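Summary of structural features
Given next are the chains, with one letter for each unit.
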Amino acid sequence: MASSVLITRQPLGRALEIIAKAASLDLWDSDMPMPRSELLARAAAVDGLYCMLNDRIDRELLLAAPRLRVVSTMAVGVDNIDLAACTKRGVPVGHTPGVLTEATADLAMALLLAAARRIGEGIEHVRSGMWGEFQPDLLLGRDVHSSTIGIVGPGRIGSAVARRASGFGASVLYTGPTAKPMLEQQLGAQRRDLSGLLSEADHVVLTAALVPETHHLIDAPALRLMKPSATLVNVARGPLVDTAALCEALRLGRIAAAGLDVTDPEPLPTGHPLLAMPNCVLTPHLGSASLRTRTEMAEMAARNLVLGLNGEPLEACANPAVYA
Ligand code: DGY
């Protein structure tokens, strides 16, 4: 019997072409995510699943998909996937590390600059017709150049942010489970524990993966350690930050500003307090959203899927224990 795959969102580039050479396709061709009931029903008949970061791949899904031999997500983050359950079932999980590193680091810097230099407020000022004569004290922000930038989670993306920070003439601090000798040698980066980083950094950039240990890593006590002039940037996953605590910190001026590409909940519902805060710059999960990067992700995910269907090792596997 020929393989068949479920694709939960129209992918970019040559992804469909790559998959179609190996399997028959069941494509959810809509701008909205696949409803859970639909996902469970259609997964029943497929050997491979090409999914997005908002599809939950858990035990229930695996039970509903007895033929499933490979899951491939068009993302580097795999917090939506129960890796242990997939490993137990012998299902390799493909993801897309590497190809989105630089684009995501670019967006982190864009958010940092926008939040620290109050670009969002500036745009609003101009658009609302408030732009008058030059004012020496109008919308004064905080410098990014020559500042101290703290990276929480110096993996691929965090290291790429560190390189950019260094290019801005900033000093780099980082915190993470392992030392990064390359960052230390090449950029003069210094390792701190989380508390040390939060209290020393002028700007804090979150690039850590969401795992149980990083859930609400930035909570009310953590925010209290930050400087009142500090900026918090999150390009990783929303639940790294306790949103209620962040709202409070921004409202009370415990920190100066935030730049968020990811939130919890995501998307933010209409009327959410963060939407009304002038010192919060928000983008809708655009970290990897350049045409080239998203196309590369889509095609890499397609290759992972086909390799999995063929029983070959994936180009990037999030649960290598499946091969043990
Ligand atoms: C990922 O890949 O995990 C990002 O969040 C989307 O690019």
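The shown structure was predicted, so the numbers you read here are calculated from the model rather than taken from an experiment.

Running from N to C, helix H5 (residues 101-116) and helix H7 (residues 156-167) cross one another at 55°; their axes reach a closest spacing of 8 Å. When the axes of H5 and H7 are compared, the pair comes out oblique. Judged by the twist between their axes, the crossing of H5 over H7 is right-handed. Judged by residue contacts, Thr101, Glu102, Thr104, Ala105, Asp106, Ala108 and Met109 of H5 engage Arg156, Ile157, Ala160, Val161, Arg163, Arg164 and Ala165 from H7.

Taken as a whole, this structure holds 18 salt bridges when the rule is applied. The salt bridge partner of Glu17 is Arg14, with a shortest N-O separation of 3.4 Å. Its salt-bridge partner being Glu248, residue Arg251 comes within 3.1 Å of it at the nearest N-O pair. Residue Arg251 and its partner Glu248 are both found in helix H11 (residues 243-251); the two are separated by three residues, about one turn of the helix. For Arg251, a relative accessible area of 55% gives the class exposed. Several salt bridges converge on common partners, so that one network encompasses Arg36, Arg56, Asp58 and Glu60.

Quick look at the site of the ligand now. The local shell around the ligand consists of Leu53, Ala75, Val76, Gly77, Leu100, Arg237, His285, Ser288 and Met297. Between the ligand and Gly77, the relevant distance is 2.9 Å, taken from an oxygen atom to a main-chain nitrogen or oxygen of the residue. Ser288 has a polar side-chain atom sitting 2.5 Å from an oxygen atom of the ligand. Here the ligand, which alone exposes 230 Å², has 91% of that area covered by the protein.

This part covers the sheet that holds strand E6 (residues 148-152). Hydrogen bonding along the main chain pairs the strands of a sheet, whether they run parallel or antiparallel. Pairing in this open sheet of seven strands is parallel, and the strands run E8-E7-E6-E9-E10-E11-E12 from one edge to the other. Since the sheet does not close on itself, it has two edges, and those belong to strand E8 (190-191) and strand E12 (280-282), each with one partner. Pairing between E6 and strand E9 (residues 203-206): four bridges, direction parallel. Each bridged residue has a counterpart across the sheet, and for Ile151 the counterpart in E9 is Val205. Contacts from H5 reach E6, E9, strand E10 (231-234), strand E11 (257-260) and E12, with the element oriented near 150° to E10. The strands touched by H11 within the sheet are E10, E11 and E12, with E11 carrying the most contacts at an inclination of about 140°.

Attention shifts here to the environment of Glu312. Residue placement: Glu312 occurs in the segment after helix H12 (291-309). Residues contacting Glu312, with those up to four places away along its chain left out, are Leu307 and Tyr323.

Moving on, we get to the pairing of E11. Side chains of E11 alternate between two faces, with Ala257 and Gly259 and Ala258 and Leu260 buried alike. Following the backbone out of E10, through H11 and into the adjacent parallel E11, one traces a crossover that is right-handed. Examined bridge by bridge, E11 and E12 share three bridges and lie parallel to one another. For Gly259, the partnering residue across the bridge sits in E12 and is Val281.

It is worth spelling out the sheet that holds strand E4 (residues 70-73) at this point. With parallel pairing, five strands are arranged side by side in an open sheet as E2-E1-E3-E4-E5. Each edge of the sheet is formed by a strand with only one pairing partner; in this case those strands are strand E2 (24-27) and strand E5 (93-94). Relative to E4, strand E3 (residues 48-51) runs parallel, the two sharing four bridges. Within the sheet, the bridge partner assigned to Cys51 lies in E4 and is Thr73. Together, strand E1 (4-7), E2 and E3 form the strand contacts of helix H2 (residues 36-43), whose direction differs from that of E1 by roughly 170°. Of the strands in this sheet, E1, E3, E4 and E5 are in contact with H12, which crosses E4 at around 175°.

Residues Val70 and Ser72 point to one face of E4 and Val71 and Thr73 to the other, with burial holding for every one of them. Handedness of the crossover joining E3 and E4 through helix H3 (residues 59-64): right-handed. The pairing of E4 with E5 spans two bridges and is parallel. Across the sheet, Ser72 pairs through a bridge with Gly94, a residue of E5. Traced from E4 through helix H4 (residues 83-89) to E5, the parallel crossover comes out right-handed.

Okay, the domain arrangement of the protein next. When its domains are assigned, the protein resolves into domain 1 (4-99 + 291-323) and domain 2 (101-282). Placing the centre of domain 1 and that of domain 2 at their C-alpha centroids yields a distance of 31 Å. Between domain 1 and domain 2, the contact holds seven residues from the first and five residues from the second. Buried area between domain 1 and domain 2, both sides added, is near 550 Å², and the carbon and sulfur share of it is 49%. The largest share of the area that domain 1 buries against domain 2 comes from Leu53, Asp79 and Gly98, three residues that together contribute 59% of it. For the pair domain 1 and domain 2, the number of links is one salt bridge. Here the side of domain 1 that touches domain 2 is built from residues that sort into three nonpolar, three polar and one charged.

The rules behind these values
Residues numbered from 1 in each chain as written. Predicted model: local features only at pLDDT ≥ 70, side-chain atom pairs only at ≥ 80, totals over all residues. Heavy atoms only, no water. Axes fitted to C-alpha atoms, helices over the stretch in contact; angles between N-to-C directions. Helix = DSSP H or I, 4+ residues; strand = E, 2+ residues; numbered from the N terminus. Parallel < 35°, antiparallel > 145°, perpendicular 65-115°, else oblique. Left-handed = near helix turned anticlockwise from the far one by under 90°. Contact = heavy atoms within 4.5 Å. Salt bridge = Lys/Arg side-chain N within 4 Å of Asp/Glu carboxyl O. Buried < 20%, exposed > 50% of the residue type's maximum accessible area, 1.4 Å probe, protein only. Near = heavy atom within 4 Å. Polar contact = N/O pair within 3.5 Å; in protein donor to acceptor, adjacent residues only side chain to side chain. Areas by Shrake-Rupley, 256 points an atom, 1.4 Å probe, with all protein chains shown as cover. Pairing = 2+ DSSP bridges. Right-handed = clockwise from strand over helix to strand, strands pointing away. Domains from an automatic or database assignment. Buried area = accessible area lost by both parts, 1.4 Å probe. Nonpolar A, V, L, I, M, F, W, Y, C, P; charged D, E, K, R; others polar.

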